[in-house]
Amino acid sequence: MGNTVAREDFEWVYTDQPHADRRKEILAKHPEIKALMKPDYNLIWVVVLMVLAQLTAFYLVKDLDWKWVIFWAYVFGSCISHSMTLAIHEISHNSAFGNSKAMWNRWFGIFANLPIGLPYSISFKRYHMDHHRYLGGDGIDVDIPTNFEGWFFCTRFRKFIWIVLQPFFYAIRPLCINPKPITRLEIINLLAQLSFDVVIYYLWGVKSTFYMLAGSVLGLGLHPISGHFIAEHYMFLKGHETYSYYGPLNLLTFNVGYHNEHHDFPNIPGKSLPLVKKIAAEYYDNLPQYNSWIKVLYDFVMDDTISPYSRMKRQLKGEVKQD
C-alpha cells in the first residue's frame with residue numbers, strides 16, 4: 001500500500017497540443033459543426049433553478065440534527081455544488097449569453113457562485129482560458145500539479161489524501177504557479193459572496209452555513225463526480241493527454257466528460273458536445289475513453305505507475321497572452 005510510484009517527473013513534450021489541428025481538420029470535413037457554436041439559453045434557467053434548490057435546502061437543514069446536516073451536505077449539497085462549478089465552467093466560456101454579451105456572463109457567473117459559499121467564478125475564468133490556450137504550459141496552466149504534489153503524493157495512501165484535498169490544491173495552486181493581480185471583478189465577486197454568506201448565517205444560522213460550505217468542499221474532494229478532475233488530462237496511456245468520459249454523470253455536469261470534444265470546440269456549449277461526437281465519430285470513437293469516474297479514482301490510487309506527475313507538460317515559446 002505504500003509503494004512509491006515509478007514516475008519522478010512530468011512527461012515533458014515538445015509538440016503543440018493536438019486540439020487546434022484536430023479542430024481545423026474536423027471543421028474542414030464537417031462544416032455543419034459551426035452551427036453548434038451558439039449560446040445555450042437553457043443554461044440560464046437551469047442555473048436559476050439550481051440556486052433556488054440550494055436556497056430551499058439551506059432553509060430545510062437549519063433545524064436538523066448535525067448528523068443529518070452532514071449527511072445531506074454530502075448526499076445532496078455536494079452534488080448540486082459540484083454541478084454548479086461546472087455550470088460556472090460553461091458560463092466562463094460565455095455559453096449562457098454568448099460572446100457578444102461577455103459581461104452578462106461574468107455577472108451571471110457571480111450569481112451562480114453564491115450557493116457555493118466560496119468566491120471563485122471570476123478567477124476561474126481567467127485561469128481556465130489559459131488552460132485552453134496553453135494546455136500543459138509550464139508556469140501558465142494551473143491545472144498542472146506543482147512539483148511538490150508530484151513528489152510528495154507518491155504512495156497509495158498519499159494519493160488518496162491528495163484526492164480528498166483537491167479543493168485546497170485547486171485554490172492554492174494558482175498562487176504558487178501563476179499568481180495574477182487581483183481585478184475589480186474579483187473584488188466584486190468576493191464582496192458579493194461574503195454578503196451572501198452573512199445573510200444566510202443571519203437568516204438561518206450556522207447549520208445552513210455549514211451545509212453550504214461543507215457541501216462544496218466535500219463535492220470537490222472524495223466524490224464520484226470529482227473523478228473528472230483526474231479523468232480529463234492524467235496520462236493513464238502514454239501519449240494521450242486528454243480523455244473523454246461517456247457515462248451517466250454527464251447529466252449532472254453539463255457534459256464536461258466530453259472533454260476531447262470540449263477542448264477541440266471550447267465555444268460549443270456542453271449540451272451540444274454529444275452531437276459533435278456523433279457528427280465527427282471517426283475522430284472520437286477510437287480515442288481512449290472512460291465510462292466510470294469512480295473507477296478512474298480507484299485506478300489512480302491503486303496504480304503505482306500513476307501519480308500527480310502523470311501529466312504532459314510543455315515549455316512554451318513565443319509570446320504568451322493571459323487574461
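Note that the structure is predicted; figures quoted are calculated from it, not measured.

**A look at the pattern of salt bridges**
Inspection of every chain in the model, using the stated rule, returns 15 salt bridges. For the salt bridge of Glu-11 with Lys-238, the shortest nitrogen-to-oxygen distance reads 2.5 Å. Here the residue Glu-11 occupies a position in strand E1 (residues 11-13), and Lys-238 occupies one in the loop between helix H11 (227-231) and strand E2 (244-245), the gap between them amounting to 227 residues. Put simply, Glu-149 and Arg-173 hold a salt bridge, and the shortest N to O gap is 2.7 Å. Here the residue Glu-149 occupies a position in helix H6 (residues 147-152), and Arg-173 occupies one in helix H8 (residues 166-177), the gap between them amounting to 24 residues. Since its relative accessible area comes to 1%, Arg-173 is described here as buried.

**Quick look at the packing of aromatic side chains**
Within the structure shown, the criterion is met by 25 aromatic pairs. Measuring from centroid to centroid gives 5.9 Å for Phe-58 and Tyr-211, while their planes differ by 75°, and the two rings are edge-to-face. Separated by 153 residues along the polypeptide, Phe-58 in helix H2 (residues 42-60) and Tyr-211 in helix H10 (residues 206-219) bring together distant segments of the chain. In this pair, the class of Phe-58 matches that of Tyr-211, namely buried. By way of ring pairs, the aromatic residues Phe-148, Trp-151, Phe-152, Phe-153, Phe-168 and Phe-169 are connected into one cluster.

**Some details on the UniProt feature "transmembrane region" (unreviewed entry) in the protein chain**
UniProt marks residues 43-61, 68-87 and 107-124 with the feature "transmembrane region" (unreviewed entry), using the numbering shown here. Each end of residues 43-61 is marked by a C-alpha atom, and these two atoms are 27 Å apart; helix forms 95% of the span and strand 0%. Here residues 68-87 is 100% helix and 0% strand, with 27 Å between the C-alpha atoms at its ends.

What counts, and at which threshold
Residues numbered from 1 in each chain as written. Predicted model: local features only at pLDDT ≥ 70, side-chain atom pairs only at ≥ 80, totals over all residues. Heavy atoms only, no water. Salt bridge = Lys/Arg side-chain N within 4 Å of Asp/Glu carboxyl O. Helix = DSSP H or I, 4+ residues; strand = E, 2+ residues; numbered from the N terminus. Buried < 20%, exposed > 50% of the residue type's maximum accessible area, 1.4 Å probe, protein only. Phe/Tyr/Trp six-rings, centres within 6.5 Å; stacked < 30°, edge-to-face > 60°. UniProt positions renumbered as here; feature names shortened; annotations may be inferred.

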